[in-house]
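Read off the chains here:
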Amino acid sequence: MMTMAPPQASTLAGSVDTLFDVMLALTGTISVAVFVVMIFFCVKYRRRSHADRSNANQTRLGVEVAWTVVPFLMFMALFGWSISLWSRMRTPPADAAPIYVVAKQWMWKVQHPGGQREIDSLHVPLGRPIRLVMTSQDVIHDFYVPAFRQKQDVLPGRYTQLWFTATREGEYPLLCSQYCGTDHARMTGNVTVMKPADYARWLQAHAGTGLAEQGAERFRRFGCSGCHGSQSSVHAPDLDGLYGSTVPLADGSQVRADDRYIRDSIMLPRKQVAAGYAPIMPSYTGRIGEDDVLALIAYLKSRHATTETAREQH
Amino acid sequence: MSTESAMLAQQFDDAAQQREASALGMWTFLATEALFFGVLFAGYTVCRVRFPAAFAAGSRHTDMLLGTIETAVLLTSSCAVALALRDVQLGGRRVAAWLLVLTAALGLSFLVMHGFEYYSEYREGLIPGIRYTQQGPLAGPMQLFFCLYYFITGFHSLHVGIGVILLLVMARRTWRARFSAQYYTPLELSALYWHLVDIVWIFVYPLIYLVGRAG
Amino acid sequence: MNSIESAVPPPRSYLDDGHSLRSWLFTHDHKRIAILYALAITFFFFLGGFAAMLIRLELITPAGDLLTADAYNKAFTFHGVVMVWFFLIPSIPATLGNFLLPMMIGARDMAFPRLNLFSWYLYMIGGLFTLAMLVLGGVDTGWTFYTPFSTMFSNGHVMLTVVGVFVVGFSSILTGINFIVTTHSMRAPGMTWMRLPLFVWAMYAVALVMVLATPVLAMTLSLIALERIFGVGIFDPALGGDPVLFQHFFWFYSHPAVYIMVLPAMGVVSELITAGARKRIFGYRFMVWAIVGISVVGFLVWGHHMFVAGQSMYASMVFSILSFIIAVPSAIKVFNWTATLYKGRIDFNAPMLYALGFVGLFMLGGMTGIFLAATALDVSLHDTYFVVAHFHYIMVGGSVMAYLGGIHFWWPKVTGRLYSQAWARFAAILMFFGFNLTFFPQYLLGYEGMPRRYHEYLPQFQVLNILSSAGASILAVSYLLPLVYLGWSLRHGPRAGPNPWRAKGLEWLTDSPPPTHNFEVTPVVNEGPYAYEDA
Ligand code: HEA
Ligand code: HEA
Ligand code: CUA
Ligand SMILES: [Cu+2]
């Protein structure tokens with residue numbers, strides 16, 4: 001099967017393929033065995049044959065129990081293997097570099113922390129763990145890179161993430177694999193894996209205003225600073241050092257200020273109200289796009305003293 | 001007319017078999033009903049866990065007094081239908097018929113009260129998608145509460161409506177002596193249905209009317 | 001009891017009991033209702049098959065040249081909706097089940113004959129809504145109706161479709177209630193639970209699943225309808241609602257629904273293999289418990305469709321392990337069918353060929369289900385053609401094969417006529433090859449990373465797609481053939497007699513075609529099923 005598979009271009013691809021091949025061998029063997037036995041019986045006990053048919057109607061309990069228990073044990077072994085691999089696939093390393101992805105009918109918008117923007121393409125460096133933080137502007141999409149053996153639905157109204165470490169230079173197809181309407185099949189693009197030096201050059205060449213600076217600009221433009229600014233007369237929380245901290249809420253519970261919390265604070269401010277404040281912050285749903293939210297998050301993150309990576313509870 | 005063998009359908013061997021089949025059919029049907037409402041309650045639970053404050057606030061907009069009266073009305077009606085059945089089992093006819101009419105009337109008054117509730121909610125602007133004028137902090141997610149509120153109570157009222165018609169038909173049949181102490185399966189099954197409608201309401205009442213008021 | 005039996009008029013076949021249209025449309029006879037269903041279902045099968053042909057024609061070339069993107073999306077949605085709800089779910093239960101269940105347990109009819117007819121009318125009304133949807137321009141949500149696409153974004157006739165499926169769901173529920181009650185309370189004297197043919201067990205289990213799962217679908221679809229009408233609802237992310245909640249509800253029904261589609265097939269195959277091999281089923285008790293096990297555990301694995309949908313990692317682990325566990329009873333069944341052949345006296349008549357085809361293709365389809373149940377592999381295989389191949393192997397290679405096998409097996413009983421064995425064998429073998437040519441390449445396509453629901457694809461996938469389309473045209477021929485030779489047999493086939501296969505089972509004791517009330521004398525049962533002793 002190696003030859004048919006898409007190229008293995010991530011650290012995970014090899015392990016996934018190994019599991020696939022082992023399962024293929026196992027199920028293949030069993031299928032062939034069943035077919036051989038079936039055909040053998042069919043020939044030997046065809047109607048006109050004179051094969052011995054004494055005691056034909058015996059049922060042996062031992063046999064039954066054996067072919068109940070053996071597949072069960074096999075399944076449990078496969079399950080264990082698959083789960084351990086899977087939890088690796090779903091837990092990004094702590095040092096993974098974030099890149100932001102916004103899906104909409106029918107394109108992928110990518111924003112790098114340095115402000116580089118791409119549409120329907122994604123440039124990543126070789127050998128460095130990358131963590132995509134993804135959300136959708138409209139319906140559910142799905143970010144799928146066969147060469148990385150990774151895939152994750154992209155949902156409206158929340159963040160999902162996907163990580164990988166690319167291991168091979170080249171261009172690989174990026175596909176939308178959750179049906180999302182008319183041009184679902186055209187919502188495709190390319191992932192380009194580059195040597196770190198080339199990547200650095202690419203970043204330079206495409207550097208725009210950094211995502212955090214864009215966020216700072218928006219923070220003024222959307223009027224956030226009117227309430228959250230230091231001169232503001234409105235009683236609103238100071239957002240310095242918010243990111244990653246633990247926020248006490250009005251209902252007595254506590255929450256970690258991660259990407260999702262900040263997004264919800266902007267788009268659904270009533271969902272979780274910070275303790276000690278009146279719930280007067282307006283909702284920005286429908287007024288600003290998901291890419292604006294990502295810029296704002298990056299800005300708030302940059303106002304955080306120590307760089308700490310966000311871990312969303314998945 | 002009212003003897004059991006006269007009512008025997010051709011596919012059955014005897015009256016006992018027919019009775020067993022009808023009862024089992026009704027219980028199976030009630031199992032599907034439980035799942036119909038189960039989905040709605042599951043949806044309610046999920047949304048409420050996500051937005052406890054909004055759900056409590058939404059609940060405070062409902063009419064506690066009417067809700068309580070409605071509960072009492074339904075419970076009384078369930079009692080009336082049980083008495084009617086008992087009367088038939090003991091050979092009665094007239095009292096049973098009147099009790100069934102009473103049950104139907106109670107069901108109808110339940111629907112009327114619910115109509116009033118809906119109307120005042122309409123005036124308050126609490127109906128998402130039709131007239132929703134709520135402002136303020138929890139207005140957004142509170143719509144989820146009201147979507148579920150209308151769906152659950154609407155679907156329940158549909159059941160009450162069907163039950164009222166069913167009970168009136170049964171009252172008429174009882175009056176005309178179509179049932180006897182030996183044969184009363186349809187009446188028994190209708191009563192069973194009515195109890196289900198009642199039991200569902202016993203779940204709806206605390207979920208919709210009481211949650212926001214506890215704390 | 002005796003007085004009733006002597007009241008039965010001298011036997012006249014159910015087909016001769018009135019010839020007017022009225023006598024059919026108002027019949028309470030389970031056998032006639034079965035035939036009404038069979039006609040309607042066949043119509044929908046070819047309609048769904050026509051959509052499949054459009055899909056396969058479009059996919060011959062990588063560019064989207066035959067159909068527009070929109071037309072393609074409508075084609076696969078229509079294909080999925082019709083094939084699932086209007087063909088496969090009712091297929092075996094509503095036709096063979098309706099016809100045979102009362103006969104196999106020695107009853108004169110279903111427990112609720114009027115309800116039975118009513119559920120056929122519900123099926124037809126649901127079907128009319130679906131046809132209206134097609135005529136007015138179709139719908140493009142996929143058969144899964146994922147929100148928020150279906151609620152807020154699709155411009156198709158979502159409402160009509162949802163209403164159609166909703167109504168047909170009630171038809172399923174009523175059929176289910178009827179089956180459960182009939183099996184419980186209408187069994188002939190001596191017909192204990194452990195003497196029931198496996199087909200009856202399968203019908204019983206399937207009825208339970210229908211009754212317990214379908215209401216969930218009905219409510220979920222109603223919630224979608226409401227959300228479309230009023231523009232707000234609990235799946236709406238703009239209000240903080242949860243689109244993934246929809247997926248949970250949908251699969252809570254639709255996973256059990258896949259067992260609604262395969263359990264009846266398993267029941268049919270158990271009958272065909274025992275009759276073909278002239279032997280008792282190997283391990284009857286295990287077969288029964290496997291059926292029960294599948295229908296119970298089937299309710300607990302729905303989340304395996306959502307491994308990459310953003311559900312919690314721990315939920316996925318639980319759903320994964322349960323999906324592995326549910327494969328164990330399926331494994332038992334495959335092994336026991338194979339073991340039944342041992343020391344049999346195997347006659348390769350057409351029904352037997354279909355049954356053997358079922359076992360092989362179901363096994364291959366089920367094995368790939370195991371790949372999908374392994375979370376780490378599902379991440380790359382999800383929503384690719386690997387999944388498409390997986391379910392067509394089970395549903396087309398498995399269930400449709402079994403359905404056709406069943407039709408061929410009981411055709412003499414239903415119509416009183418024999419058909420050409422040579423033609424029937426030829427069609428079965430052609431179907432097996434056409435099927436594998438159509439769907440095996442799709443495994444490879446999925447493995448190479450071709451997503452499903454794509455009307456355009458990367459050029460490197462073309463060869464395999466052409467193979468698949470070629471297979472589909474062979475498959476189409478093999479589905480049309482039975483129409484011809486079975487149709488021919490209706491007029492020209494030799495008379496069958498009560499038991500042309502010398503098979504066991506109460507249905508073979510009575511005439512072919514059976515009299516209106518099935519048995520002149522209610523049979524008394526004093527042995528288990530499949531009492532073949534002449535081996
Ligand atoms: C009749 C229909 C049917 C049946 C019976 C099954 C049976 C099974 N299915 Fe399938 N499935 C579908 C119809 C069906 N499925 C459909 C329609 C979809 C897609 C829906 C959509 O998205 O549109 C789907 C999708 C689907 C998925 C989601 C894929 C995805 O979208 O990512 C998964 C994942 O776990 C899965 C798993 C299984 C498993 C484990 C079984 C098991 O029950 C199979 C058990 C059987 C066997 C295993 C074979 C016999 C066993 C042996 C011979 C023993 C030896 C075997 C081994 C040791 C391996 N199925
Ligand atoms: C029970 C179910 C069932 C059955 C029997 C079939 C039967 C077939 N299916 Fe289907 N299929 C589904 C259930 C089923 N399918 C589902 C649920 C989906 C998912 C939908 C979704 O994504 O939402 C799907 C999706 C699906 C796809 C994927 C589409 C996509 O994702 O882009 C494909 C592609 O090849 C396909 C092909 C076929 C073929 C070739 C057949 C063949 O077996 C059909 C053979 C029958 C015929 C060909 C009829 C023969 C007669 C005629 C053709 C005469 C008519 C007249 C003229 C042609 C003039 N199906
Ligand atoms: Cu986006 Cu499919
Ligand atoms: Cu499933």
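Residues numbered from 1 in each chain as written. Chains lettered and ligands numbered in written order. Predicted model: local features only at pLDDT ≥ 70, side-chain atom pairs only at ≥ 80, totals over all residues. Heavy atoms only, no water.

## With respect to the UniProt feature "domain: Cytochrome oxidase subunit I profile" (unreviewed entry) in chain C
Under the present numbering, the feature "domain: Cytochrome oxidase subunit I profile" (unreviewed entry) in UniProt falls on residues 24-526 of chain C. Here residues 24-526 of chain C runs as 71% helix and 0% strand, with 36 Å between its end C-alpha atoms. (UniProt positions renumbered as here; feature names shortened; annotations may be inferred. Helix = DSSP H or I, 4+ residues; strand = E, 2+ residues; numbered from the N terminus.)

## Comments concerning the sheet that holds strand E3 (residues 117-119) of chain A
All names here are of chain A. Pairing in this open sheet of 5 strands is mixed, and the strands run E3-E2-E1-E5-E8 from one edge to the other. Where the open sheet ends on each side, the last strands, each with one partner, are E3 and strand E8 (160-165). When the angles between neighbouring strand axes are averaged without regard to direction, this sheet yields 25°. One ladder, built from 6 bridges, connects strand E5 (residues 129-136) with E8; its direction is antiparallel. Directly across from Val133, in E8, lies its bridge partner Gln161. Docked against the sheet, helix H7 (residues 290-302) engages strand E1 (97-104), strand E2 (107-111), E3 and E5, running at close to 160° with respect to E1. (Pairing = 2+ DSSP bridges. Axes fitted to C-alpha atoms, helices over the stretch in contact; angles between N-to-C directions. Contact = heavy atoms within 4.5 Å.)

## Structural notes on the coordination of the copper ion (ligand 4)
All names here are of chain C. Protein coordination of the copper ion (ligand 4) is provided by His255 (ND1), His304 (NE2) and His305 (NE2), with donor distances spanning 1.8 to 2.1 Å. Between the copper ion (ligand 4) and the iron atom of ligand 1 the interatomic distance amounts to 4.5 Å. Pair noted here: His255 is in helix H9 (residues 243-277) and His305 is in the loop between helix H10 (284-297) and helix H11 (313-341), with a separation of 50 residues, a long-range link. (Donors = N, O, S within 2.8 Å, 3.2 Å for Na, K, Ca; no water.)

## Details of the interface of chain A and chain C
Listed as interface residues are 83 residues of chain A and, on the opposing side, 89 residues of chain C. Buried surface at the junction of chain A and chain C, both sides included, amounts to about 7500 Å², of which 70% is carbon and sulfur. Contact with chain C buries area across many residues of chain A, yet Trp67(A), Trp86(A) and Tyr179(A) alone supply 10% of it, more than any other trio. Counting across the interface, chain A meets chain C through 3 salt bridges. Residue Glu456(C) pairs with Arg186(A) through a salt bridge whose shortest N-O separation is 2.8 Å. Taken together, the links from chain A to chain C amount to 21 residue pairs in polar contact (both at pLDDT 80 or more). The set of elements that each furnish at least two residues to the side of chain A that touches chain C consists of helix H1 (11-44), helix H2 (61-90), strand E6 (141-145), strand E7 (150-154) and strand E9 (170-176) of chain A. At 18 residues, H2(A) tops the list of elements feeding residues into the side of chain A that touches chain C. (Buried area = accessible area lost by both parts, 1.4 Å probe. Salt bridge = Lys/Arg side-chain N within 4 Å of Asp/Glu carboxyl O. Polar contact = N/O pair within 3.5 Å; in protein donor to acceptor, adjacent residues only side chain to side chain.)

## Re the site of ligand 2
Residue and element names in this part refer to chain C. The immediate surroundings of ligand 2 are formed by 34 residues, with Arg56, Tyr72, His79, His392 and Arg453 found nearest. Here a nitrogen atom of ligand 2 sits 2.8 Å away from a polar atom, N or O, in the side chain of His79. One of the side-chain nitrogen or oxygen atoms of Arg453 is found 2.7 Å away from an oxygen atom of ligand 2. Looking at the shell around ligand 2, the elements that each hand over two or more residues are helix H3 (30-58), helix H4 (69-104), helix H14 (385-415), helix H15 (421-448) and helix H16 (462-492). Tallied by class, the residues present in the shell around ligand 2 amount to 24 nonpolar, 7 polar and 3 charged. (Near = heavy atom within 4 Å. Nonpolar A, V, L, I, M, F, W, Y, C, P; charged D, E, K, R; others polar.)

## A short note on the packing of aromatic side chains
Applying the stated criterion across every chain, the model contains 80 aromatic pairs over all chains. On the basis of an interplanar angle of 70° and a centroid distance of 5.9 Å, the ring pair of Phe87(C) and Tyr403(C) is categorised as edge-to-face. Of this pair, Phe87(C) sits in helix H4 while Tyr403(C) is found in helix H14, placing the two residues 316 residues apart along the sequence. For the pair formed by Phe87(C) and Tyr403(C), the shared burial category is buried. In textbook terms, an aromatic cluster arises when at least three aromatic residues are bridged by ring pairs, as seen for Phe20(A), Phe371(C), Phe386(C), Tyr393(C), Phe435(C), Phe439(C), Phe440(C), Tyr443(C) and Tyr447(C). Across from the ring centre of Tyr284(A), 4.6 Å away, lies the NZ or CZ of Arg287(A), which sits over that ring. Residue placement shows Arg32(C) over the ring face of Trp24(C); its charged tip is 4.1 Å from the ring centre. (Phe/Tyr/Trp six-rings, centres within 6.5 Å; stacked < 30°, edge-to-face > 60°. Buried < 20%, exposed > 50% of the residue type's maximum accessible area, 1.4 Å probe, protein only. Lys NZ or Arg CZ within 6 Å of the ring centre and 35° of its normal.)

## A look at the nonpolar core
Counting residues in hydrophobic clusters, the biggest one holds 276 residues, and the most contacted among them are Trp85(C), Trp337(C) and Leu341(C). Setting aside anything within four residues of it in sequence, one finds Leu341(C) in contact with Met38(A), Phe41(A), Cys42(A), Tyr45(A), Ile273(C), Ala277(C), Ile346(C), Met352(C) and Leu356(C). In terms of nonpolar packing, the next biggest core, distinct from the first, is built from 51 residues, Trp108(A), Met134(A), Ala147(A) and Leu445(C) among them. (Core = buried A, V, L, I, M, F, W, Y, C linked by side-chain atoms within 4.5 Å.)

## Observations regarding the pairing of strand E10 (residues 189-194) of chain A
Residues and elements named next belong to chain A. Among the 6 residues that make up E10, 5 are buried, leaving the element largely enclosed by the rest of the structure. Relative to E10, strand E4 (residues 121-125) runs parallel, the two being bridged by 5 bridges. Among the inter-strand pairings, Leu122 is bridged to a residue of E10, identified as Val191. Inspection of the sheet shows E9 paired to E10 by 5 bridges, in the antiparallel sense. When the bridges of E10 are listed, Gly170 appears paired with Val193.

## Overview of the confidence of the model for chain A
Averaged over all residues, the pLDDT of chain A is 86; the fraction at 70 or higher stands at 95%. A low-confidence stretch, residues 305-314 of chain A (pLDDT under 50), is modelled with 26 contacts involving residues beyond four sequence positions or located in other chains. (pLDDT = per-residue confidence, 0-100.)

## Focus on the site of ligand 1
Taken together, 35 residues lie near ligand 1, and Tyr259(C), Asp378(C), His382(C), His390(C) and Arg452(C) sit nearest. Between ligand 1 and Tyr259(C), the relevant distance is 2.7 Å, taken from an oxygen atom to a side-chain nitrogen or oxygen of the residue. In this structure, Arg452(C) approaches ligand 1 through a side-chain N or O atom, which is 2.8 Å from an oxygen atom. Listed by contribution, the elements that provide at least two residues to the shell around ligand 1 are H1 and H2 of chain A together with H9, H11, helix H12 (350-373) and H14 of chain C. Of all the elements, H12(C) adds the most residues to the shell around ligand 1, at 8 residues. Residue composition of the shell around ligand 1, by class: 24 nonpolar, 9 polar and 2 charged.

## Topic: the environment of Asp87(B)
All names here are of chain B. Along the polypeptide, Asp87 turns up in helix H3 (residues 64-89). A sequence separation of 103 residues divides Asp87 from Ser190, and the C-alpha atoms of the two residues are 15 Å apart. Here Asp87 is in contact with Gly92, Arg93, Val95 and Ala96, once residues within four sequence places are set aside.

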